[in-house]
Amino acid sequence: MSTRLARASTDPTTTAPSPTAPSPATPAPDVPAPDTPAPPSGTPQARATLAVTSAATAVTLMTYTAPMITLPDTAAALHTPLSAQAWLLNGTPLGLAAVLLVAGSLADDYGRRRIFLSGTVALGITTALSALAGSTWLFTLARLAQGAASAAILASSLGLLVHAFPAGAGRIRATGIWGAFVSGGIAAGPPVAGALTGAGPDGWRWAYAALGAAALAVAALAPRALTESRAARRGRPDLAGAATLGLALTALVAALTLGRDGWLRAPVAALLVAAAVLLAAFVAVEHRVRTPMLDLALLRRPLFLASTTGALFTGFSVIGLFSYLPTLLQHTLGLSVMGTAWLLVIWSGTSFVAALQARRLAGRVSARHQLAVGFALHAVAAVTMLGAASSGSWTRLLPGLLVSGAGSGLLNAALPLLSVESVPAERAAMGSGANNTARYVGSAAGVALMIAVSTSTDDLAHGANLAMTVSACLAVLAGVTVLLLRDRNRSPRQA
């Protein structure tokens, strides 16, 4: 166990509070820089922090969801074959997954405000650059850079909120609103991208240009709204860990992408072996470095495992399915770009409302149980959508979109709270980074898996049914797993 975690686990002033029953005696969950005390919850400064971090998160998720709608036009403009279209979708989640953990460590050690501002500026620039891409690989590289910038925003946002809102009702409300803006960004992205994509053959480029401008606007507003904070003890960036993890994830996603043409081929096997070796190297690096970007001792905490498992399967099952579903519906039901965009709005809009209302469950239903219910709802929804792709009518999808949206809202509300409450308080950004890394690792793998499954047959309607079945099974597995990962040291309601 590292010195940093050992100190946190033995010092009662750094014990993470319960996500469902916070104690008034629990101290502030952050150790800010000496000259920047935490603003009291409810002050204009705290509200400004919540507003700016939520807005940046929404823009981040809008850039993340844009390819779900623009994929057919982007692929046509860049002459991207079907076998490579997963890269158009996976650039950002892969960049997110590779950088989130190190971004969390940098935010904790060198300043969350500093990392947040760097991320928003970088997101604006790289999103605008993707509009200028002339080939599949240039577009993918721009999306990878967007993912790295998004990692800086997401990893530092929750750390800034933890600093601004001490443990209690204020933090529960703040993280609930932040989680709702995750859903809000997903909801707003498709219609914005769809409206601009429909403007002409180069409409998809205007979509990315507009989102880049939005990110830069948030960056311009952020400096005066945010207060700097960092952990008490600073360390060095874990570059070796970041490199081994990033390469491992790249090899894994490449294997899943190439697998659709045959899982027993030598290149696929070689990539899977490389991913396993690199992951083992990452674990070895994290054991040796003095300031790891992921303290492996956290894996002994059941609630941390529940948080990362829930995030992984949210990406693998939920985001993986809905990332490729719009393209499937355009081909099977003949829907327009805006038609599929509005279907996604039904799903993500329901998720936004559900995430906002989920804060009412605080103190009565633990975050872990909210995750289990969210996965159960998504599994039921995926089953109800079976056969919809061949039905000839989009209304056949409506019940499933509403039910899955409610489940997704519960997931988006519970995951950020559990991610910061399941780690020592001074490691809030590390907990956020680990949670979001797991989510986007799952997303990148899930997209590749759903494309592989749905295109494994010449009948895309049948392929859509296969993808929904796989998604439902993964959601059931996730729900059971998070229920089993109970912290034995807490009361049943707290765990």
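Criteria and cut-off values
Residues numbered from 1 in each chain as written. Predicted model: local features only at pLDDT ≥ 70, side-chain atom pairs only at ≥ 80, totals over all residues. Heavy atoms only, no water. Helix = DSSP H or I, 4+ residues; strand = E, 2+ residues; numbered from the N terminus. Buried < 20%, exposed > 50% of the residue type's maximum accessible area, 1.4 Å probe, protein only. Polar contact = N/O pair within 3.5 Å; in protein donor to acceptor, adjacent residues only side chain to side chain. Contact = heavy atoms within 4.5 Å. Axes fitted to C-alpha atoms, helices over the stretch in contact; angles between N-to-C directions. Parallel < 35°, antiparallel > 145°, perpendicular 65-115°, else oblique. Left-handed = near helix turned anticlockwise from the far one by under 90°. Phe/Tyr/Trp six-rings, centres within 6.5 Å; stacked < 30°, edge-to-face > 60°. Expected span 1.5 Å × (residues − 1). Bend = angle between axes of the 7 residues up to and from the residue. Nonpolar A, V, L, I, M, F, W, Y, C, P; charged D, E, K, R; others polar. pLDDT = per-residue confidence, 0-100. Patch = residues over 30% accessible without salt bridge, like charges linked within 9 Å, V, L, I, M, F, W, Y side chains within 5 Å. Areas by Shrake-Rupley, 256 points an atom, 1.4 Å probe, with all protein chains shown as cover. Salt bridge = Lys/Arg side-chain N within 4 Å of Asp/Glu carboxyl O. Lys, Arg positive; Asp, Glu negative; His and termini not counted. Charge placed at Lys NZ, Arg CZ, Asp CG, Glu CD.

Caption draft 1: Spatial organisation of the side chain of T53. By the element assignment, T53 lies in helix α2 (residues 44-78). When its relative accessible area of 0% is taken as the criterion, T53 is described as buried. Separated by 3.2 Å, the side chain of T53 and the backbone oxygen of L50 make a polar contact. Apart from the residues within four sequence positions on either side, T53 is in contact with F116, S157, L160, L161, W178 and L226.

Caption draft 2: Representation of the packing of α2 against helix α7 (residues 203-225) within the structure. Across the interface, α2 lies against α7 with an axial gap of 9 Å and an inter-helix angle of 165°. As summarised for this structure, α2 and α7 are arranged roughly antiparallel, according to the angle between their axes. The element α2 and its partner α7 pack so that their crossing is left-handed.

Caption draft 3: Layout of the packing of aromatic side chains. A complete count under the given rule lists eight aromatic pairs for this structure. Measuring from ring centre to ring centre gives 5.5 Å for F139 and Y208, while their planes differ by 75°; the resulting arrangement is edge-to-face. Residue F139 is located in helix α5 (residues 136-164), and its partner Y208 is located in helix α7; the two are separated by 69 residues in the primary sequence. The same class applies to F139 as to Y208, namely buried. Each residue in the set F139, W204 and Y208 is aromatic and connected to the rest through ring pairs, giving one cluster.

Caption draft 4: Examining α7 more closely. Relative to the 33 Å expected for 23 residues at 1.5 Å per residue, α7 spans 34 Å between its end C-alpha atoms, a close match to the ideal helical length. Those residues of α7 that fall on the buried side of the exposure criterion are G203, W204, A207, Y208, L211, G212, A215, V218, A219, A222 and A225. On the buried face of α7, the contacting elements are α2, α4 (112-130), α5 and α6 (169-197).

Caption draft 5: Region of interest: α2. Along its length, α2 shows its largest kink, about 75°, at T70, and proline P72 lies within four residues downstream of that point. For α2, a buried count of 25 out of 35 residues is recorded, marking the element as mostly surrounded by other parts of the structure.

Caption draft 6: Structural context of the packing of helix α8 (residues 239-258) against helix α9 (residues 266-288). Their axes nearest at 8 Å, the elements α8 and α9 cross at an angle of 160°. When the axes of α8 and α9 are compared, the pair comes out roughly antiparallel. Here the hand of the crossing between α8 and α9 comes out left-handed. Packed against α8, whose contacting residues are A240, G241, T244, L245, L247, A248, A251, L252, A254, A255 and L258, the element α9 presents V268, L271, L272, A274, A275, L278, L279, A281, F282, V285 and E286 at the interface. In terms of residue class, the contact of α8 with α9 is made up of 19 nonpolar, two polar and one charged.

Caption draft 7: Representation of the confidence of the model for the protein chain within the structure. Averaged over all residues, the pLDDT of the protein chain equals 80, while 86% of them reach at least 70. Low pLDDT (under 50) marks residues 1-35, which in the prediction has 74 contacts with non-local residues, meaning those over four places away or in another chain.

Caption draft 8: Quick look at a nonpolar patch on the surface. A contiguous nonpolar surface patch, about 460 Å² in accessible area, is contributed by V121, I125, L129, L132 and L216. Within the fold, V121 resides in helix α4.

Caption draft 9: View of a positive patch on the surface. On the surface, R47, R173, R359, R360 and R364 cluster together into a positively charged patch. In this structure, R359 sits in the loop between α11 (337-357) and α12 (367-384). By relative accessible area, which is 35% here, R359 ends up partly exposed.

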